[in-house]
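# Commentary on secondary and tertiary structure
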Amino acid sequence: MSLISAKQILDDANKKGYAVGAFNVNNMEFLQAVFSAAESEKSPIIIAASEGAMKYAGPKMLYSMVKTLSDDYPQIPAALHLDHGSNLAAVMTAIKAGFTSVMIDASHFPYEENLKMTKQVVGICRPIGVSVEAELGRLQGVEDNVSVAERDAVLVRPDEARDFVSASGIDFLAPAIGTSHGAFKFKGEAKLDMGRLKKVKELTGIPLVLHGASSVPEPASKKFEEFGGNLKGAKGLPFDVLKEAIKNGINKVNTDTDLRISFLAKVRESMATDKSQIDPRKIFGPAKDYVIEVIRERMKVLGSSGRA
Ligand code: G3H
Ligand code: 13P
Ligand code: ZN
């Protein structure tokens, strides 16, 4: 199947109430792992590449690998999405390389500036069938005992989300509801503002995106530490909280950290147990297989298994 836009994938997820993983990739091994997991689970996929990924691998190289794999797995609906595009130049680079979806992340600017940049991107993308994601609020946790005004200053405001979506014409929105990027998301209990999420869904009706959604699965993080790594204090989003977020309107679940941890946990294990190994394929091969397992488990949790 040729690559499709993320909107085409997410509209079905929105209608039927499940979520699709957007998996961050930087190299061939991760890409092969995502497609292989998708094939086993019969799941649609969104391949996410950040500006850092474009710099590391090259936008055309990323596109070529994704295109080759999507030709090899014709039954898997797949989109190539720019993650956290920070400006118009990054968006244009991605589109020119063949990406089918972009995120313009101007959420750190004041509302009006965010809206202006987002509208500009929608104006370019809509006529060529490239889907657009934008974000409202900041990706950080908020303590339970803070005032509504303080929460409003960090998290998405549902009334703003309604206005933003109708004024910008975006295809899907990332509302900040208390997650953050990386392996250290919560000091105490993992809590998201489900009330806000529900309200945003009610008022916008479009597919919603959860950034910072990695779960930091225990087997992988244990293995990482068992073989010399340090992830002290790491905490991700438990599967039950993730499922609740999907029930309340999340349709795209961004996942990078879980793949990083699991790949490197296995690399650590292989290197520690086979100290004279000099063939990188003997190290990266098992790491790739381990990432496939982690992605498959996640696809089951998201409800995307069996949807392709
Ligand atoms: O949200 C950010 C993603 O995890 C990508 O991270 O900018 O290090 O490639 P990166
Ligand atoms: P994690 O760091 O939780 O994997 O989040 C990734 C992400 O949001 C990419 O946009
Ligand atoms: Zn993100």
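Quick note: structure is the one above.
Residues numbered from 1 in each chain as written. Chains lettered and ligands numbered in written order. Predicted model: local features only at pLDDT ≥ 70, side-chain atom pairs only at ≥ 80, totals over all residues. Heavy atoms only, no water.

To characterise two packed helices, one gives the angle between the axes of the helices and the distance between these axes. Two numbers describe how helix α5 (residues 88–97) lies on helix α6 (residues 111–125): the axes approach to 11 Å, and their chain directions differ by 20 degrees. Comparing the axis directions of α5 and α6 gives the class roughly parallel. In the crossing of α5 with α6, the sense of the turn from one axis to the other is right-handed. Between α5, through Leu 88, Val 91, Met 92 and Ile 95, and α6, the contact on the second element is made entirely by Gln 120, Val 121, Ile 124 and Cys 125. Split into classes, the residues belonging to the contact of α5 with α6 amount to 7 nonpolar, 1 polar and no charged. (Axes fitted to C-alpha atoms, helices over the stretch in contact; angles between N-to-C directions. Helix = DSSP H or I, 4+ residues; strand = E, 2+ residues; numbered from the N terminus. Parallel < 35°, antiparallel > 145°, perpendicular 65-115°, else oblique. Left-handed = near helix turned anticlockwise from the far one by under 90°. Contact = heavy atoms within 4.5 Å. Nonpolar A, V, L, I, M, F, W, Y, C, P; charged D, E, K, R; others polar.)

So, about the coordination of the zinc ion (ligand 3). Each pair of donors in an ideal four-coordinate tetrahedral metal site encloses 109.5 degrees, whereas pairs in an ideal six-coordinate octahedral site enclose 90 or 180 degrees. With distances of 2.1 Å, the protein atoms coordinating the zinc ion (ligand 3) are His 84 (NE2), His 181 (NE2) and His 211 (ND1). Along the chain, the residues donating to the zinc ion (ligand 3) are arranged with the sequence spacing H-x96-H-x29-H. Residue His 84 is located in strand β3 (residues 78–85), and its partner His 181 is located in the loop between β6 (172–175) and α9 (194–204); the two are separated by 97 residues in the primary sequence. (Donors = N, O, S within 2.8 Å, 3.2 Å for Na, K, Ca; no water.)

We now examine unusual backbone geometry. Of note in this structure, His 84 is not a glycine but carries a positive phi near 55 degrees. His 84 sits in the buried class, given a relative accessible area of 18%. With a phi angle near 45 degrees, Val 216 is a residue other than glycine that sits in the positive phi range. Position of Val 216 among the secondary structure elements: in the loop between β7 (208–210) and α10 (218–226). The class of Val 216 is buried, set by a relative accessible area of 9%. (Buried < 20%, exposed > 50% of the residue type's maximum accessible area, 1.4 Å probe, protein only.)

Once that is clear, we can look at the nonpolar core. Core analysis: the biggest nonpolar cluster contains 78 residues, and Ile 45, Val 102 and Leu 173 have the highest contact counts within it. At 8 residues, the largest contribution of residues to this core is made by helix α13 (residues 280–302). Setting aside its immediate chain neighbours within four residues, Ile 45 contacts Ile 9, Val 20, Gly 21, Phe 23, Val 34, Phe 35, Ala 38, Ile 76, Pro 77, Ala 78, Ala 79 and Met 299. Leu 10, Ala 79, Phe 172 and Ala 174 belong to the second-largest nonpolar core, a separate cluster that totals 14 residues. (Core = buried A, V, L, I, M, F, W, Y, C linked by side-chain atoms within 4.5 Å.)

Turning next to the packing of aromatic side chains. For the structure shown, the criterion picks out 4 aromatic pairs. Here Phe 30 and Phe 263 contribute two aromatic rings whose centre-to-centre distance is 4.8 Å and whose plane-to-plane angle is 35 degrees, an arrangement assigned as tilted. Placement of the pair is Phe 30 in helix α2 (residues 28–41) and Phe 263 in helix α12 (residues 257–273), with a sequence separation of 233 residues. Taken together, a centroid distance of 5.8 Å and an interplanar angle of 70 degrees make the contact between Tyr 111 and Phe 164 edge-to-face. (Phe/Tyr/Trp six-rings, centres within 6.5 Å; stacked < 30°, edge-to-face > 60°.)

Taken together, the residues surrounding ligand 1 are Asn 24, Ser 50, Asp 83, His 84, His 181, Asp 256 and Arg 260. Ser 50 is positioned with one of its side-chain polar atoms (N or O) 2.6 Å from an oxygen atom of ligand 1. Here His 181 contributes a side-chain N or O atom positioned 3.0 Å from an oxygen atom of ligand 1. A class-by-class count of the residues in the shell around ligand 1 yields no nonpolar, 4 polar and 3 charged. (Near = heavy atom within 4 Å. Polar contact = N/O pair within 3.5 Å; in protein donor to acceptor, adjacent residues only side chain to side chain.)

Under the defined criterion, the tally for this structure stands at 21 salt bridges. Here Asp 11 ties to Lys 7 by a salt bridge, and the two come within 2.8 Å at their closest N and O atoms. Within this pair, Asp 11 and its partner Lys 7 are both found in helix α1 (residues 6–16), separated by 4 residues, close to a single helical turn. Classification of Asp 11 as partly exposed rests on a relative accessible area of 31%. Residue Lys 7 is classed as partly exposed on the basis of its relative accessible area, which comes to 32%. (Salt bridge = Lys/Arg side-chain N within 4 Å of Asp/Glu carboxyl O.)

Honestly, that's just the spatial picture; any functional story needs more than this.
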